[in-house]
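Listed below, chain by chain, are the residues.
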Amino acid sequence: MPSFTSPPDPIIFHHQVWELVCQIPLGKVATYGQIARMIPAPEGVDEKAYHAFGPRWVGGAMAACPEDVPWQRVINSKGEISLRPGAERQRMLLEEEGVQFNQGGRIDLKIFGWQSSFEEPEQPPLL
């Protein structure tokens, strides 16, 4: 499987990500992988490679997002905020929206996970 450090056209991919993230309602979250699954694999990238690299590309898009994109609503597949600078602010913003964290710092995706009209229902990971 080839290694892709970024999508073939990052500008187009980033805009697709941001458009989807702007649809996540207040008090809901989505995972990097969930957002990636809603965007078709870019031309020239096979599905297997996209499945492996897509969530990382979504993370890259979120790191570069404009101020009007609700970046705080994208979390990792465990229902956690990824450890990085700004993680405390992300938690604060989510809690202000009514998102609750358990004692282990996880969000229950069954309660707070966003189910878009672009995807098939799937089972969230067990906590």
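The preceding data block contains the structure.
Residues numbered from 1 in each chain as written. Predicted model: local features only at pLDDT ≥ 70, side-chain atom pairs only at ≥ 80, totals over all residues. Heavy atoms only, no water.

**What about the environment of valine 58?**
Here is step 1: Mapped onto the elements, valine 58 comes out in helix α3 (residues 47-63).
Here is step 2: Taking the relative accessible area as the measure of exposure, valine 58 reaches 0% and is therefore buried.
Here is step 3: Along the chain, valine 58 and isoleucine 39 lie 19 residues apart, while their C-alpha atoms are 9.9 Å from each other.
Here is step 4: Ignoring anything within four residues of it in the chain, the contact list for valine 58 reads Phe13, Val17, Tyr32, Ile35 and Ala36. (Helix = DSSP H or I, 4+ residues; strand = E, 2+ residues; numbered from the N terminus. Buried < 20%, exposed > 50% of the residue type's maximum accessible area, 1.4 Å probe, protein only. Contact = heavy atoms within 4.5 Å.)

**Points about the side chain of arginine 73**
Here is step 1: If you trace the backbone, arginine 73 turns up in the loop between α3 and β2 (74-75).
Here is step 2: The buried category is assigned to arginine 73, whose relative accessible area is 10%.
Here is step 3: A polar contact is formed between the side chain of arginine 73 and the side chain of glutamate 97, at a distance of 3.0 Å.
Here is step 4: Ignoring sequence-local partners within four residues, the contact set of arginine 73 consists of Ile24, Pro25, Leu26, Lys28, Val29, Ala30, Leu94 and Glu97. (Polar contact = N/O pair within 3.5 Å; in protein donor to acceptor, adjacent residues only side chain to side chain.)

**Section: helix α1 (residues 10-21)**
Here is step 1: A rise of 1.5 Å per residue sets the reference length of α1, with its 12 residues, at 16 Å; its end C-alpha atoms lie 16 Å apart and thus fit the reference within 8%.
Here is step 2: For α1, the set of buried residues is Phe13, His14, Val17, Trp18, Leu20 and Val21. End-on view of α1: buried residues confined to an arc of 160°, all on one side of the axis. More than 90 degrees from the buried face of α1, the exposed residues found are Ile11 and Glu19.
Here is step 3: In the core, the buried residues of α1 are packed alongside α2 (32-37), α3 and β2. (Expected span 1.5 Å × (residues − 1). Arc of directions from axis to C-beta.)

Any functional reading would require information that these geometric values do not contain.
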